[in-house]
Amino acid sequence: MNAATAGLVAGMALGFAVDVVAVRAGRPAAAWRRHLTGELGTRPVDDVWMLTGAAVATAVGLWLIVLALTPGLRHQLPLRTPTPGVRACLDRDGAADLLRDAAMQVPGVSTARIRVRRHRVKARADVRFRDLQQVKDDLTAVLQEERDRLALARPPHIAVRVRRRTD
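None of the values given here were measured: they were computed from a predicted structure.

Enquirer: Tell me about a positive patch on the surface, residues and numbers included.
Expert: Taken together, the side chains of R115, R117, R120, K122, R124 and R161 make up a positively charged region of the molecular surface. Top element by residues in the positive patch is strand β4 (residues 120-127). It accounts for three residues. Within the element layout of this structure, R124 appears in strand β4. Its relative accessible area of 39% is what places R124 among the partly exposed residues.

Below you can see the structure in the form of structure tokens.
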């Protein structure tokens with residue numbers, strides 16, 4: 001439905017753009033545009049059709065503003081489901097908590113900060129002991145295993161950064 005609406009709006013915008021470019025190039029405006037401007041130029045402002053068109057345009061504009069301001073499901077990660085038509089989601093903060101708990105099980109990691117986005121998981125860990133590369137490899141493997149266990153429909157890429165903490 002959204003793709004059809006977007007395609008329709010894009011097609012209309014393309015039609016308007018082609019007509020404007022043609023007029024700027026010295027060609028006459030399209031017949032529908034000449035007719036519309038003639039009608040709009042001769043009708044009084046208090047005409048029923050003018051007021052109806054203004055009311056519809058206002059209602060559509062207000063509806064678009066409401067849709068723009070309402071939160072969607074951007075904070076949710078869709079899960080794989082075995083049954084078509086069944087939808088399930090996992091909150092991004094919940095996924096970050098699960099991944100952080102898994103990261104803290106890696107030997108050498110003293111603190112871990114996990115940030116989950118739609119396409120990427122950023123993991124930052126402070127290492128107290130062990131070789132940094134070993135900890136990074138172990139942490140990457142543990143996070144990938146936990147990410148796969150979450151059964152996300154589109155598993156995000158994992159980016160791991162480790163640093164040595166000595167305080």
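Picking up where we left off.
Enquirer: Which residues make up the pairing of β4, and what values go with them?
Expert: Sheet topology places strand β3 (residues 109-116) next to β4; seven bridges connect them, and they run antiparallel. Bridging across to β4, T111 finds its partner in D126. If you look at the hairpin formed by β3 and β4, you'll find three residues sitting between the two strands. In this sheet, strand β5 (residues 157-164) lies alongside β4 in parallel orientation, the contact comprising eight bridges. Along β5, the bridge assignment pairs D126 with R163.

Enquirer: Let's hear about the packing of aromatic side chains: which residues, and what values?
Expert: Inspection of every chain in the model, using the stated rule, returns one aromatic pair. Note on F16 and W32: the rings are 5.3 Å apart at their centroids and 65° apart in plane angle, and the pair reads as edge-to-face. One end of the pair, F16, is in helix α1 (residues 2-24); the other, W32, is in helix α2 (residues 31-42), with 16 residues separating them in the sequence. Among the residues examined, W32 registers a relative accessible area of 43% and is labelled partly exposed.

Enquirer: I'd love a proper account of unusual backbone geometry, names of residues and values included.
Expert: Of note, R130 is a non-glycine position whose phi angle comes to about 80°, a positive value. Residue placement: R130 occurs in the loop between β4 and α5 (132-149). Not every positive phi belongs to a glycine, and A151 is a case in point at roughly 60°. Residue position: A151 is located in the loop between α5 and β5. Note on A151: relative accessible area 22%, which makes it partly exposed.

Enquirer: Please set out the sheet that holds β4 residue by residue, giving values where relevant.
Expert: Whether parallel or antiparallel, the strands of a sheet pair through hydrogen bonds between backbone atoms. A sheet is described by the order of its strands in space; here three strands give the open sequence β3-β4-β5, paired in mixed fashion. Looking at the sheet topology across the chains shown, the edges are occupied by β3 and β5. Between one strand axis and the next, the sheet turns through 15° on average, direction left out of account. The sheet strands contacting helix α4 (residues 92-103) are β3 and β4, and the helix crosses β3 at an angle near 155°. Its contacts with the sheet place α5 against β3, β4 and β5, and it is angled at close to 150° to β5.

Enquirer: So what's going on with the nonpolar core? Residues and values would help.
Expert: I114, V116, L139 and L143 are the most contacted members of the largest nonpolar core, which totals 22 residues. Residues within four places of L139 in sequence aside, it is in contact with A103, V106, A125, V160 and V162.

Enquirer: A description of the pattern of salt bridges should follow, citing residues and the corresponding values.
Expert: As enumerated under the stated definition, the model contains 10 salt bridges in all. Where R130 meets D138, a salt bridge forms, and the shortest distance between an N and an O atom there is 2.5 Å. With a relative accessible area of 24%, R130 lands in the partly exposed category. We classify D138 as partly exposed; its relative accessible area is 32%. A salt bridge links R149 to E145; the shortest N-O distance between them is 2.7 Å. Here R149 pairs with E145, and both are found in helix α5, just four residues apart, close to one helical turn. For R149, a relative accessible area of 54% puts it in the exposed group. Salt bridges sharing common partners tie together E39, R43 and D47.

Conventions adopted
Residues numbered from 1 in each chain as written. Predicted model: local features only at pLDDT ≥ 70, side-chain atom pairs only at ≥ 80, totals over all residues. Heavy atoms only, no water. Patch = residues over 30% accessible without salt bridge, like charges linked within 9 Å, V, L, I, M, F, W, Y side chains within 5 Å. Areas by Shrake-Rupley, 256 points an atom, 1.4 Å probe, with all protein chains shown as cover. Salt bridge = Lys/Arg side-chain N within 4 Å of Asp/Glu carboxyl O. Lys, Arg positive; Asp, Glu negative; His and termini not counted. Charge placed at Lys NZ, Arg CZ, Asp CG, Glu CD. Helix = DSSP H or I, 4+ residues; strand = E, 2+ residues; numbered from the N terminus. Buried < 20%, exposed > 50% of the residue type's maximum accessible area, 1.4 Å probe, protein only. Pairing = 2+ DSSP bridges. Phe/Tyr/Trp six-rings, centres within 6.5 Å; stacked < 30°, edge-to-face > 60°. Axes fitted to C-alpha atoms, helices over the stretch in contact; angles between N-to-C directions. Contact = heavy atoms within 4.5 Å. Core = buried A, V, L, I, M, F, W, Y, C linked by side-chain atoms within 4.5 Å.

So yeah, pure geometry; function would need other evidence.
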